[in-house]
Amino acid sequence: MEPMDIVGKSKEDASLPKATMTKIIKEMLPPDVRVARDAQDLLIECCVEFINLVSSESNDVCSREEKRTIAPEHVLKALEVLGFGEYIEDVYAAYEQHKLETMQDSLKGGKWSNGAEMTEEEALAEQQRMFAEARARMNGGVAPPKQPDPDQTIES
């Protein structure tokens, strides 16, 4: 595949992060093995080519089924067509693991959740406090008198 075979992209645009790829390469080798920079670059280029090859074949599989969106099944079929059938089981297992992790993340609230859940009453009280602060700022910095917290007891 020539550098400009990827639609509208130059060779430099279609690459993988070197730091990430270097980490992956080093994790797969014994600690006493070193990899020359040229070999790392070659491995990265091979990965890019592999992704392009599987993507292209996945698109062909998808088109033959008259679909417009490449689904995981299309990728698995592409691997089989390209002669990588022995990897399908491992790839499918990794895909299932990814789905599980994604589902767990969404159940936890995803990236917006901080783990601190509030009751409805606590949320309403916090909202009222924030509204009061905003009104005070709009009224020239004069804050309304603080209301005592009903949960706290006053000792005399």
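Looking at an unreviewed UniProt entry, the protein chain carries the name Transcription factor CBF/NF-Y/archaeal histone domain-containing protein, with the source organism given as Carpinus fangiana. UniProt, in the comment section headed Subcellular location (unreviewed entry), describes the protein chain in these words: "Nucleus".

(A) Seen up close, the packing of helix H1 (residues 18–27) against helix H2 (residues 37–64). Packing of H1 against H2 brings their axes to within 10 Å, and their N-to-C directions diverge by 100°. Compared by their axis directions, H1 and H2 come out roughly perpendicular. Contacts between H1 and H2 involve Lys-18, Met-21, Thr-22, Ile-25 and Lys-26 from the former and Gln-40, Asp-41, Leu-43, Ile-44 and Cys-47 from the latter. Tallied by class, residues from the contact of H1 with H2 come to 5 nonpolar, 2 polar and 3 charged.

(B) Local environment of the packing of aromatic side chains. The full count for this structure, using the stated rule, is 3 aromatic pairs. Residues Phe-50 and Phe-84 carry aromatic rings whose centres are separated by 5.2 Å and whose planes lie at 90° to one another, so their mutual orientation is edge-to-face. Of this pair, Phe-50 sits in helix H2 while Phe-84 sits in the loop between helix H3 (72–81) and helix H4 (88–107), placing them 34 residues apart in sequence. Look at Phe-84 and you get partly exposed, because its relative accessible area is 23%. Ring centres of Phe-84 and Tyr-87 lie 6.2 Å apart, and the angle between their planes is 50°; this geometry places the pair in the tilted category. Of the aromatic side chains, those joined through ring pairs into one cluster are Phe-50, Phe-84 and Tyr-87.

Rules used in this analysis
- Residues numbered from 1 in each chain as written.
- Predicted model: local features only at pLDDT ≥ 70, side-chain atom pairs only at ≥ 80, totals over all residues.
- Heavy atoms only, no water.
- UniProt positions renumbered as here; feature names shortened; annotations may be inferred.
- Axes fitted to C-alpha atoms, helices over the stretch in contact; angles between N-to-C directions.
- Helix = DSSP H or I, 4+ residues; strand = E, 2+ residues; numbered from the N terminus.
- Parallel < 35°, antiparallel > 145°, perpendicular 65-115°, else oblique.
- Contact = heavy atoms within 4.5 Å.
- Nonpolar A, V, L, I, M, F, W, Y, C, P; charged D, E, K, R; others polar.
- Phe/Tyr/Trp six-rings, centres within 6.5 Å; stacked < 30°, edge-to-face > 60°.
- Buried < 20%, exposed > 50% of the residue type's maximum accessible area, 1.4 Å probe, protein only.

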